[in-house]
Amino acid sequence: MNDENSITVDVVSDVVCPWCFIGQKRLDKAIAAVDLDVHIRWRPFQLDPTIPPEGKNRRDYMVAKFGSEQRIREIHARIEPLGEAEGISFAFDAIKVAPNTLDAHRLIRWAGTAGEAVQNRLVRRLFQLNFEEGANLGDHAVLIEAAREAGMDASVVETLLSTDADVEAVRTEIATASRMGISGVPCFLLEGKYAVMGAQDADTLADALRQVAAAKARGELEAAN
């Protein structure tokens, strides 16, 4: 396809955000529905950067955040059928730890340097691990295995995770998203100019992709960097 049919989508998300997992599935459907060459880049966001590196007990954390177990059950009951419709088997009760996701975002950043396909595989696996398998995404062993499964060099990842490599770069990127007015996720940024907020349905995302592609073809916007 020529460049006019090429669209870049920066997805600002957090791997512990259930709506981001749903949004990822819906974006896949939208891409399949359009005759465009869509390139995805995953950008970091932290729902709660104050969680310590070792994480927190998820049950206690959620009760403190939402007020009661009844309220949590209501939230989960609303999300689960939406996930099921997208092929997601949410297993909220299996999640024992609310992790700090900074290291997961560092890993996603490194995956991006290995290529778009590797980064996409990794992000999908991290969503699965957290929401369907109850894995602790703050655990370096979990992250290293996910990297291996995505096709990354696990030994390099293990070495990097033990350092502060790219910690500031990730934090800076999160701060940039905040300055852009992104206060919730997912946020789909098309061609670096048009934002679609929230886990919109696949038809809405597909329509946005077509509109931006048409604007690009008419020369109404510069290509994203």
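Computed from a predicted structure; not experimentally measured. Here the residue numbering is sequential within each chain, running from 1 through the sequence in written order. Whole-chain, interface and lining totals are the exception, using all residues; otherwise, since this is a predicted model, local features are given only for residues with pLDDT of at least 70 and side-chain atom pairs are given and counted only at 80 or more. Note that water and hydrogens are dropped before the side-chain values are worked out from all heavy atoms of the structure.

**Student:** How would you sum up the layout of surface pockets? Please name residues and give values.
**Tutor:** Rolled over the atoms, a probe as big as a water molecule pinpoints where empty space is left. Taken as a whole, the largest pocket encloses approximately 510 Å³ of empty space. Val 16, Pro 18, Leu 47, Met 62 and Lys 65 are the residues nearest the centre of the largest pocket, which is lined by 27 residues in total. Numbering of helices and strands starts at the N terminus; helices are DSSP runs of H or I of at least 4 residues and strands are runs of E of at least 2. Listed by contribution, the elements that provide at least two residues to the lining of the largest pocket are helix H1 (18–33), helix H2 (58–66), helix H3 (69–85), strand E4 (97–98) and helix H5 (116–131). In this count, Pro and Cys sit with the nonpolar residues alongside Ala, Val, Leu, Ile, Met, Phe, Trp and Tyr, while Asp, Glu, Lys and Arg are called charged and the others, Gly among them, polar. Partitioned by chemical class, the residues of the lining of the largest pocket number 18 nonpolar, three polar and six charged. Any residue with an atom within 4 Å of a point lines the site, the site being either a cavity, points on a 1 Å grid over the protein atoms alone where a 1.4 Å probe fits but cannot get out, or a pocket, an open set with protein on both sides within 12 Å along at least 5 of 7 lines. Grid points are joined across faces, edges and corners, and a volume is the space filled by probe spheres set on the points.

**Student:** Explain the packing of aromatic side chains to me, and be specific about the residues and the numbers.
**Tutor:** Working definition: a ring pair exists when centres of Phe, Tyr or Trp rings (six-membered ring for Trp) sit within 6.5 Å. Plane angles under 30 degrees give stacked, over 60 give edge-to-face, the rest tilted. What the rule picks out here adds up to seven aromatic pairs. Their ring planes at 10° and their centres at 5.0 Å tell us that Phe 21 and Phe 127 sit as a pair that is stacked. With Phe 21 in helix H1 and Phe 127 in helix H5, the pair connects residues that are 106 residues apart, well separated along the chain. Only protein chains enter the area calculation, which uses a 1.4 Å probe; residues under 20% of their type maximum are buried, those over 50% are exposed, and those in between are partly exposed. Residue Phe 21 is classed as buried on the basis of its relative accessible area of 1%. The interplanar angle of 70° and the centroid separation of 6.3 Å between the aromatic rings of Trp 42 and Phe 127 together place this pair among those described as edge-to-face. Here the residue Trp 42 occupies a position in strand E2 (residues 37–44), and Phe 127 occupies one in helix H5, the gap between them amounting to 85 residues. Neither residue differs from the other here; Trp 42 and Phe 127 are each classed as buried. Ring-pair connections join several aromatic residues into one group, and the members of that group are Phe 21, Trp 42, Phe 90, Phe 92, Phe 127 and Phe 131.

**Student:** I'd love a proper account of empty space enclosed by the protein, names of residues and values included.
**Tutor:** Summed over all chains, the structure comprises two cavities of 30 Å³ or more. The space that makes up the largest cavity amounts to roughly 40 Å³. Only E2 and helix H4 (102–114) provide two or more residues apiece to the lining of the largest cavity. Element by element, the count of residues in the lining of the largest cavity is highest for E2, at three residues. A per-class count over the lining of the largest cavity returns five nonpolar, two polar and one charged. Of the pockets and cavities examined, the second largest cavity occupies roughly 30 Å³. Taken together, Val 9, Leu 27, Phe 188, Leu 190, Leu 205, Ala 208 and Leu 209 make up the full set of residues lining the second largest cavity. Elements represented by at least two residues in the lining of the second largest cavity include exactly strand E5 (187–190) and helix H9 (202–217). Residue composition of the lining of the second largest cavity, grouped by class: seven nonpolar, no polar and no charged.

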